[in-house]
Amino acid sequence: MRCGCGTCATTPRWPNAWSPRCAASTLAEITGDYARAAALRAEQLRFAEDLGLWSTVPDALSRLGRVALLTGDRARADEYHERARRLAAAQSNRPAEEFAEVGLALSARRQGRLDEAERRLRAWLGWVDDVAGDPGAALILAELGFVAEQRGAAAKALDLQLRGLAMARKVGDPRAVALALEGLAGARALGGRHGEAARLLGRAAALRESVGAPLPAGERGDVDRIAAAVRAALGEEEYAGECAAGAVTPLEEALASVLPEDAGSLAALLSEDSAPRESRPGDGLEDAFTAAVKSASPESIPGAPFV
């Protein structure tokens, strides 16, 4: 049984002893069972320390930091992530250092420290593009898009979220695509396109529901902020109707309404290489992640929550 995380994949003594619990903790985070996730992540850290698996300790610390962030304990989240960052840097462990730095950026943005969040995210964007691949780039671009939106820069937010969406579609994880759509909704709302924003939120929610992983409370901050602005502009009845319409709108149709006329990214976004799983013949959303979550089984969950 594998959870798909880097630790289980690369540490020879780790999988047989820990992988089922690691997968269970990942599932607990995805479904919002943060108390169980925290307990399992703390056990993971003790396990690594007891066995002297020091290269895995930064990852374990950062994962505890992620759970603390999801429960709103930002001081503890920063403490865990900073410990992880320092240890990873001392080990020249760049993947673990990047994971910790992104955690610090996530926390900084949620505390309104936008300059710090942007600095940390941009410092790693090139490295992620070159080394870590599309999942990391999709998250960083989404976060940079939220930074721009919170600063009131609608055009910049739209550009960053579109770039993040292109990466997310390559990843094929519906949660990554949903995050980008939520970011696009924020950019559209900021630009006064409230109907489009509501439809994008509806599409994102439908994507998350389709894999049995609706957005848990700890991850709703951005969606709730954007939805509140859209509701205020449209009224509750129109907002609900637009969300419902968005939920059943094909993704390509939803994207066509948000792409700027001069955007050169439409072909890339809709190409076969970057198409999401839902649009590929014979490859629906019922993948390993979907099956694992729907059956509440921790077996073979491909990756952690998208935070």
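Bear in mind that the values here come from a model prediction, so they are computed numbers and not experimental data.

Reading the values: the criteria
The residue count restarts for each chain, going from 1 along the sequence in the order it is written. A pLDDT threshold of at least 70 governs which residues receive local features in this predicted model, and a stricter bar of 80 or more applies before side-chain atom pairs are shown or counted, although totals over entire chains, interfaces and linings include all residues. Processing note: side-chain calculations cover all non-hydrogen atoms of the structure and skip hydrogens and water entirely. Cavities and pockets were defined on a 1 Å grid built from protein atoms only: a cavity is a group of points that admits a 1.4 Å probe but offers it no way out, a pocket is an open group of points flanked by protein on both sides within 12 Å along at least five of seven lines, and a lining residue is one with an atom within 4 Å of any such point. Grid points are joined across faces, edges and corners, and a volume is the space filled by probe spheres set on the points. Runs of H or I in DSSP of at least four residues are treated as helices and runs of E of at least two as strands, each being numbered from the N terminus. Residues are grouped as follows: Ala, Val, Leu, Ile, Met, Phe, Trp, Tyr, Cys and Pro are nonpolar; Asp, Glu, Lys and Arg are charged; every other residue, Gly included, is polar. Working definition: a ring pair exists when centres of Phe, Tyr or Trp rings (six-membered ring for Trp) sit within 6.5 Å. Plane angles under 30 degrees give stacked, over 60 give edge-to-face, the rest tilted. Between buried and exposed lies partly exposed: a residue is buried under 20% and exposed over 50% of the maximum accessible area for its type, with that area taken using a 1.4 Å probe on protein chains only. Whether a charge lies above a ring is judged from NZ of Lys or CZ of Arg, which has to be within 6 Å of the ring centre and within 35 degrees of the ring normal.

> Mind showing me how you'd approach the layout of surface pockets here?
In this structure, the second largest pocket spans a volume of roughly 390 Å³. Considering the residues around the second largest pocket, the lining is formed by 27 residues, among which Arg109, Arg110, Gly218, Glu219 and Asp222 are closest to the centre. Of all elements in the fold, only α4 (57-70), α6 (94-110), α8 (134-150), α10 (174-190) and α12 (221-234) reach the threshold of two or more residues within the lining of the second largest pocket. Residue composition of the lining of the second largest pocket, grouped by class: 11 nonpolar, 4 polar and 12 charged.

> Sorry, what's going on with the packing of aromatic side chains here?
The description of an aromatic ring pair uses the distance of the two centres, along with the angle that the planes make with each other. Inspection of every chain in the model, using the stated rule, returns 1 aromatic pair. Plain terms: the ring middles of Trp124 and Trp127 are 5.4 Å apart, the flat faces sit at 90° to each other, and that makes the pair edge-to-face. Remark: Trp127 and Trp124 occur in helix α7 (residues 114-132); sequence separation between them is 3 residues, near one turn of the helix. You'll find Trp124 and Trp127 in the same group, each marked buried. Stacked on the ring of Phe99, the Lys or Arg Arg66 has its end atom at 3.9 Å from the ring centre.

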